[in-house]
Amino acid sequence: MTTHLGAPRTRRSEFGRNAAGLMRRLDWTLIVSVAALCALGSLLVWSATIPGDGSDPMDSTGHLSRHLFHLAMGWTLCLVVASVDHRAIRAYAPIAYLVTVVLLALALTPLGQVINGSRGWIVIGGFQFQPSELAKVGLVLILATLLGEPRDGEARPMTRDVLFCLVALVVPLALVMSQPDLGTTLVLGAIFLGMLTLSGAPVVWVVGMLACGAVGAFCVWWFEMLEPYQVDRIATLMDPTADPQGAGYNSHQALIAVGSGGFNGTGLFQGEQTHGRFVPEQHTDFIFTVAGEELGFVGAVLVIGLFGLVLWRLLRTAQGCEKPYPRLLCVGVAAWFGFQALINIGMCLGVVPVTGLPLPFVSYGGTAIVASMLALGLVLGVNSRDRGFA
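Worth saying up front: this structure is predicted, and the values here are computed from it rather than measured. Counting from 1, residues in each chain are numbered in the order their sequence is written. Thresholds applied to this predicted model are a pLDDT of at least 70 for local features of residues and 80 or more for the giving and counting of side-chain atom pairs; totals over whole chains, interfaces and linings are not thresholded and use all residues. Water and hydrogen atoms play no part in the side-chain values, which are based on all heavy atoms of the structure.

Concerning the nonpolar core
Here is step 1 of the chain: Counting residues in hydrophobic clusters, the biggest one holds 93 residues, and the most contacted among them are Val34, Trp336 and Met373.
Here is step 2 of the chain: Secondary structure elements follow DSSP: runs of H or I of four or more residues count as helices, runs of E of two or more count as strands, with numbering from the N terminus. Broken down by element, this core gets its largest block of residues, 14 residues, from helix α14 (residues 324-348).
Here is step 3 of the chain: Here a residue-residue contact requires only that any non-hydrogen atoms of the pair lie within 4.5 Å. Those residues in contact with valine 34 that sit more than four places away from it in its chain are Trp75, Val310, Phe361, Met373 and Leu376. The criterion is simple. A nonpolar core is a set of buried Ala, Val, Leu, Ile, Met, Phe, Trp, Tyr and Cys residues joined through side-chain atoms within 4.5 Å. With a 1.4 Å probe rolled over the protein chains alone, any residue whose accessible area is under 20% of its type maximum counts as buried; one over 50% counts as exposed, and the rest are partly exposed.

The structure is reproduced here in structure tokens:
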């Protein structure tokens, strides 16, 4: 009887020790950095969604409440993924990839809904989500599996591995381009190129991919394959003042908002550009302009500094991995977050065309937050089990 009653207590104590051990091994610098971005983003989303009629911020918390719910769900999934051995996750990588491809295809059916000119959302009743955000996670998982498992006797990926990876990239890329969603297309390409470059694959493939990208971009422009609004965005990048009331309106207003913040900013909830609704989609794609206007240069540098700290921890975890699969997981997530943050902040500053990409962990958006948190969980799981440093 004593043995029978003691067994559950033993299992519970073992579970407690494992949980405590996992918490100690987590990268708390990375967690705190992301948590700071989430907290700052919540304040910026709140400010960006307050009506411009001078009403009390406490009376306008609808978007903030949903944003906090998305964050809570994302953090929960993040910790769940971090608690699972990445080697177990690797076994399900092909399934995860196929699920995201099927969802991308469904977005092009009547289940899909056109939002902001892109059929990239699946709407079922009152529930909607964006499959292209989840496709980033699926692509990182499948590329790490294909590039991170060299055959017997091979120390690095060979040509056949790269060819398999190209097929894995082209399928979701074609579906995303069909929506069309240029921003996500660029992110998927950046993930592929970053992982391929640091996988040890033959250099000729890396150079070849860069050359193909340049030739492809030239062909798209030369044969006029871009949508008219995409051409207008590139044209306004060259001359932001050319059409400030038309194609260049978003970029022009974004620059005004960031520039009006000065060094210290106008103060949280005090931005005239923000509360006047001069910048469209300010709580999502242009959330950085809220930081620039209301928190000023100091706030903008804080956001950029936090992203720099996140990328440093991601790459440090990758550097400490002894095996290629977990290392490539971290590289893929770093390429994703780094490139997307660069494009988002760049379009708010008028140095890259407007592409409609959210700022990870900061912008409002349920699917984007959940996808980013799942990716963060993958890295935290690697860091707690496969790092070669203390």
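Focus on empty space enclosed by the protein
Here is step 1 of the chain: Lining residues are those with an atom within 4 Å of a point, where the points come from a 1 Å grid over the protein atoms alone and group into cavities, where a 1.4 Å probe fits but cannot get out, or pockets, open sets with protein on both sides within 12 Å along at least five of seven lines. Grid points are joined across faces, edges and corners, and a volume is the space filled by probe spheres set on the points. Here the structure, examined in full by the defined rule, presents 2 cavities of 30 Å³ or more.
Here is step 2 of the chain: If you go around the second largest cavity, the residues you meet are Pro358, Leu359, Pro360, Phe361, Ser363, Ala368, Ile369 and Ser372.
Here is step 3 of the chain: The nonpolar class holds Ala, Val, Leu, Ile, Met, Phe, Trp, Tyr, Cys and Pro. Asp, Glu, Lys and Arg form the charged class, and all remaining residues, Gly among them, are polar. A breakdown of the residues in the lining of the second largest cavity according to their chemical character gives 6 nonpolar, 2 polar and no charged.

Overview of helix α2 (residues 28-48)
Here is step 1 of the chain: Given a helix with a known number of residues, its expected span is that number minus one, times 1.5 Å. An ideal rise of 1.5 Å per residue puts 30 Å on 21 residues; α2 measures up with 30 Å between its terminal C-alpha atoms.
Here is step 2 of the chain: The residue sitting at the N-terminus of α2 and contributing the capping side-chain oxygen is aspartate 27; that oxygen lies 3.2 Å from the backbone nitrogen of threonine 29. Think of a polar contact as two N or O atoms within 3.5 Å of one another; within protein, one of them needs to be a possible hydrogen donor and the other a possible acceptor, and neighboring residues in sequence only count if both atoms come from side chains.

Section: the packing of aromatic side chains
Here is step 1 of the chain: Within 6.5 Å between ring centres, the rings of Phe, Tyr and Trp (the latter by its six-membered ring) count as paired, and their orientation is classed by plane angle as stacked under 30 degrees, edge-to-face over 60, tilted in between. Inspection of every chain in the model, using the stated rule, returns 4 aromatic pairs.
Here is step 2 of the chain: Joined through ring pairs, the aromatic side chains of Trp336, Phe337 and Phe361 make up one cluster.
Here is step 3 of the chain: Two thresholds decide whether a charge sits over a ring: the Lys NZ or Arg CZ must be within 6 Å of the ring centre and within 35 degrees of the ring normal. Geometry around tyrosine 325 places arginine 90 over its ring, the cationic atom sitting 5.1 Å from the centre.

Structural notes on the sheet that holds strand β3 (residues 127-129)
Here is step 1 of the chain: Two strands form a pair only when DSSP identifies at least two bridges running between them. Read from one edge to the other, the open sheet built from 3 strands follows the order β1-β2-β3, with strand pairing classed as antiparallel. Looking at the sheet topology across the chains shown, the edges are occupied by β1 (112-115) and β3. Direction aside, neighbouring strands of the sheet carry axes that sit 40° apart on average. Interaxial angle, 0 to 180 degrees, is taken between N-to-C directions of lines fitted to C-alpha atoms, where a helix line uses only the stretch in contact.

Concerning the packing of helix α6 (residues 131-147) against helix α15 (residues 366-385)
Here is step 1 of the chain: Where α6 meets α15, the closest approach of the two axes is 7 Å, and the angle between their N-to-C directions is 20°. As judged from the angle between their axes, α6 and α15 are roughly parallel. Touching Glu133, Leu134, Val137 and Leu141 of α6 are Thr367, Ala368, Ala371, Leu374 and Leu378, all from α15.
Here is step 2 of the chain: Looking at the contact of α6 with α15 residue by residue, the classes come out as 7 nonpolar, 1 polar and 1 charged. Small angles under 35 degrees read as roughly parallel and large ones over 145 as roughly antiparallel, with 65 to 115 read as roughly perpendicular and the rest as oblique.

With respect to a nonpolar patch on the surface
Here is step 1 of the chain: There is a patch of nonpolar side chains on the surface, built from Phe263, Phe297, Val298 and Val301 and spanning about 390 Å² of accessible area.
Here is step 2 of the chain: For valine 301, the position within the fold is in helix α13 (residues 287-320). Residues with no salt bridge and a relative accessible area higher than 30% make up the patches, which join like charges within 9 Å and nonpolar side chains (Val, Leu, Ile, Met, Phe, Trp, Tyr) within 5 Å. A 1.4 Å probe and the Shrake-Rupley method give the accessible areas. Residues count as covered only by the protein chains that appear here. Salt bridges, as used here, are contacts in which a Lys or Arg side-chain nitrogen is within 4 Å of a carboxyl oxygen on Asp or Glu.

A word on the environment of alanine 371
Here is step 1 of the chain: Following the sequence through the fold, alanine 371 ends up in helix α15.
Here is step 2 of the chain: You can call alanine 371 buried: its relative accessible area is 0%.
Here is step 3 of the chain: Each C-alpha atom, one on alanine 371 and one on cysteine 78, is 9.3 Å from the other, the two residues being 293 residues apart in sequence.
Here is step 4 of the chain: The contact partners of alanine 371, leaving out residues within four places of it in the chain, are Glu133, Leu134, Val137 and Trp336.

Examining the pattern of salt bridges
Here is step 1 of the chain: If you walk through the whole model with that rule in mind, you get 3 salt bridges.
Here is step 2 of the chain: Arginine 313 is the salt-bridge partner of aspartate 27, the closest N and O atoms lying 3.0 Å from each other. One end of the pair, aspartate 27, is in the loop between α1 (2-25) and α2; the other, arginine 313, is in helix α13, and 286 residues separate them in sequence.
Here is step 3 of the chain: Take arginine 313: its relative accessible area is 11%, and that puts it in the buried class.
Here is step 4 of the chain: For glutamate 133, the salt bridge goes to lysine 136, with nearest N and O atoms at 3.0 Å.

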